[in-house]
Amino acid sequence: MPFRFAFSMLVYFFLVPVITAGQGDMPIDKAATKETTSLYRNLKKLSGKGFMFGHQDALAYGVNWKYEDGRSDIKDVTGDYPAVYGWELGHLEIDKPVNLDSVPFKKMQQLIIQGYDRGGVITISWHLNNPLTGKSAWDPAAGTVSSILPGGSKNNLYKEWLDKVAAFMIGLKDENGTFIPVIFRPYHELNGNWFWWGGKHCSSEEFKKLWIFTVSYLRDEKKLHHLLYAYNTDRFSSREEYLEKYPGDEWVDVIGFDIYQRNSSNEKFISDIDKMLSTLEDLSKEKNKIPALTEFGGNLSDSSWWTGTFLKAIGNHQISYVLGWRNAGAKSTGELEFYVPYRGQSTEKDFVKFYQDAKTLFGEDVKNEKLYK
Ligand code: BMA
């Protein structure tokens, strides 16, 4: 064997693995805080044991209550908190004191600290208004994405909006002044046509540029080092569709999708999720990313939905977490909007079985895991 060849074999098969193992598996932010890096690594490890259960706005309100200290619909039903807490920043960009779902930002910061202190995981979405028209996130005016990219008429405005997001994130510290790691999930459901950043309203190139601009602004300009970044579509029918606007492995930590059952049958919902999760799991292995069901909503008029449908759909897959959407309660029509059971709801008993299943991880489970160490 010629010496040079032997030497390169040594480098590739021995030294490279040794060097990279020493560095460990890192989030895309190479300067991520210790706690953020630990969270990233522990999330990967934990997905071998089971999946964490999360709930949006869990500590702020439930179907029949608002702002009661320590309360959560999940806790009312199981005696335990969720493992993942979802929050939402929409309207922070327009200096409102409350978000688009009426949660005061000051209160949100306190509740985020509470969830973190309990060992839970924090994820934050952002239904930001349309920066071109000033209307809501659901206003898909043509040209919005290009208007906020560098050189566009709204790029400065967009940077001001990101400054406000950065200020909010900087406010997330525990009592020792340690930054609380956050899985930031902007531009979600990106293959749907309902948001201004979604589907046909921008090209793949524009979306990728928007994503990369956003991550580098927060990380490199604002020097935030306690964020992990989640890329997430809505339902999708192929790997190609999922990846169409994927900005690249160096810009994403968590990959996920959102899914709502709406009118489909339980059988169809199980097979849809099963198919999408198989694709997501393959991608997460290839790309070495964290897979998650970043939002879901099921058919809670079926009293055994949790163990009969949801657990069947996801139980055989390795994912990090699932996030049930918000228990908003009564809508203007009088109809109740909720995605996890509340006390007295017909899936309550089945949810307790789901809670007890070895694969589901809730507050007490993650507290024991010490995800930030
Ligand atoms: C939607 C609904 C809305 C809410 C929005 C942002 O799915 O729950 O009521 O305003 O999310 O949280």
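Provided above is the structure to which this section pertains.
Residues numbered from 1 in each chain as written. Predicted model: local features only at pLDDT ≥ 70, side-chain atom pairs only at ≥ 80, totals over all residues. Heavy atoms only, no water.

**Details of the overall build of the protein chain**
Helix and strand counts for the protein chain stand at twelve helices and 13 strands. The C-alpha radius of gyration computed for the protein chain amounts to 21 Å, which stays within 12% of the reference 21 Å derived for 373 residues, consistent with globular compactness. The principal-axis extents of the C-alpha atoms in the protein chain amount to approximately 75 × 50 × 45 Å. Considering the protein chain as a whole, with its 373 residues, one finds that 57% of them fall into the buried category. In the protein chain, the proportion of contacts linking residues at least 24 apart, taken out of those at least 6 apart, comes to 72%. When the accessible surface of the protein chain is split by element, carbon and sulfur atoms take 52% of a total near 15,700 Å². Positive and negative charge centroids in the protein chain, built from 45 and 48 side chains respectively, lie 3 Å apart. (Helix = DSSP H or I, 4+ residues; strand = E, 2+ residues; numbered from the N terminus. Rg over C-alpha atoms; globule rule 2.2 N^0.38 Å. Buried < 20%, exposed > 50% of the residue type's maximum accessible area, 1.4 Å probe, protein only. Contact = heavy atoms within 4.5 Å. Areas by Shrake-Rupley, 256 points an atom, 1.4 Å probe, with all protein chains shown as cover. Lys, Arg positive; Asp, Glu negative; His and termini not counted. Charge placed at Lys NZ, Arg CZ, Asp CG, Glu CD.)

**Concerning the pairing of strand S1 (residues 51–56)**
Summarising burial for S1: six of the six residues are buried, a large majority. What you see with S1 is no split at all: Phe51, Phe53 and His55 on one side and Met52, Gly54 and Gln56 on the other are buried throughout. When S1 meets strand S13 (residues 360–361), the two strands line up parallel, connected through two bridges. Within S13, the residue paired with Met52 across the bridge is Leu361. (Pairing = 2+ DSSP bridges.)

**Regarding the site of the ligand**
In the vicinity of the ligand, the contacting residues are Asp101, His127, Trp138, Trp325, Arg326 and Glu337. Contact distances for the ligand include 2.5 Å between an oxygen atom and a side-chain N or O atom of Asp101. Within the side chain of Arg326, an N or O atom sits 2.8 Å from an oxygen atom of the ligand. For the ligand, the accessible surface in isolation is 310 Å², of which the surrounding protein chains cover 74%. (Near = heavy atom within 4 Å. Polar contact = N/O pair within 3.5 Å; in protein donor to acceptor, adjacent residues only side chain to side chain.)

**Remarks on the packing of helix H10 (residues 305–314) against helix H11 (residues 348–356)**
To characterise two packed helices, one gives the angle between the axes of the helices and the distance between these axes. Where H10 contacts H11, the axes come no closer than 8 Å and their chain directions differ by 45°. Considering their axes alone, H10 and H11 lie oblique with respect to each other. Contact residues: Trp305, Trp306, Thr307, Gly308, Phe310 and Leu311 in H10; Asp350, Phe351, Lys353 and Phe354 in H11. (Axes fitted to C-alpha atoms, helices over the stretch in contact; angles between N-to-C directions. Parallel < 35°, antiparallel > 145°, perpendicular 65-115°, else oblique.)

**Some words on the packing of aromatic side chains**
Applying the stated rule across the entire model yields 40 aromatic pairs. Their ring planes at 50° and their centres at 6.1 Å tell us that Phe51 and Phe354 sit as a pair that is tilted. Residue Phe51 is located in strand S1, and its partner Phe354 is located in helix H11; the two are separated by 303 residues in the primary sequence. Note on Phe354: relative accessible area 0%, which makes it buried. Arranged with centres 6.0 Å apart and planes meeting at 35°, the rings of Phe269 and Trp305 form a pair that is tilted. (Phe/Tyr/Trp six-rings, centres within 6.5 Å; stacked < 30°, edge-to-face > 60°.)

**Regarding the nonpolar core**
By size, the foremost hydrophobic cluster in this structure holds 112 residues, and its most contacted members are Met52, Trp87, Ile124, Met169 and Phe310. Residue contacts for Ile124: discarding those within four places in its chain leaves Trp87, Leu89, Ile112, Phe168, Met169, Leu172, Val182, Ile183, Phe184 and Arg185. (Core = buried A, V, L, I, M, F, W, Y, C linked by side-chain atoms within 4.5 Å.)

**Description of the pattern of salt bridges**
Under the defined criterion, the tally for this structure stands at 18 salt bridges. One continuous salt-bridge network, built from bridges that share partners, spans Glu68, Arg71, Asp76 and Arg343. (Salt bridge = Lys/Arg side-chain N within 4 Å of Asp/Glu carboxyl O.)

**A short note on H10**
By the criterion of burial, H10 is predominantly enclosed, with seven of the ten residues buried. Turning to H10, its buried residues are Trp305, Trp306, Thr309, Phe310, Leu311, Ala313 and Ile314. Residues of H10 that are buried in the fold lie against S1, helix H9 (266–287), strand S9 (290–297), strand S10 (321–324), H11 and S13.

**Topic: the environment of Ile255**
Summarising the element assignment, Ile255 is placed in strand S8 (residues 254–260). Along the chain, Ile255 and Tyr231 lie 24 residues apart, while their C-alpha atoms are 5.1 Å from each other. Setting aside chain neighbours within four positions, we find Ile255 in contact with Tyr231, Tyr242, Tyr246, Leu280, Leu283, Ser284, Lys289, Ile290, Pro291 and Ala292.

**Brief notes about unusual backbone geometry**
In the Ramachandran plot, Tyr187 falls in the positive-phi region, its phi being about 50° despite a non-glycine side chain. Position of Tyr187 relative to the elements: it lies in the loop between strand S6 (182–186) and helix H7 (204–221). According to the relative accessible area criterion, Tyr187 is buried, its value standing at 1%. In this structure, Arg262 is a non-glycine residue whose phi angle is positive, near 45°. Here Arg262 is to be found in the loop between S8 and H9.

**So, helix H4 (residues 105–117)**
The end-to-end C-alpha distance of H4 is 18 Å, a good match for the 18 Å that 13 residues give at a rise of 1.5 Å each. Buried within H4 we find Phe105, Met108, Gln109, Leu111, Ile112, Gly115 and Tyr116. Close packing links the buried residues of H4 with helix H2 (34–46), strand S4 (84–88), strand S5 (121–126) and helix H6 (155–170). (Expected span 1.5 Å × (residues − 1).)

**Side note on the side chain of Gln109**
Looking at where Gln109 falls in the secondary structure, it is placed in helix H4. Residue classification places Gln109 among the buried residues on the basis of a relative accessible area of 19%. There is a polar contact of 3.1 Å between the side chain of Gln109 and the backbone oxygen of Phe168.

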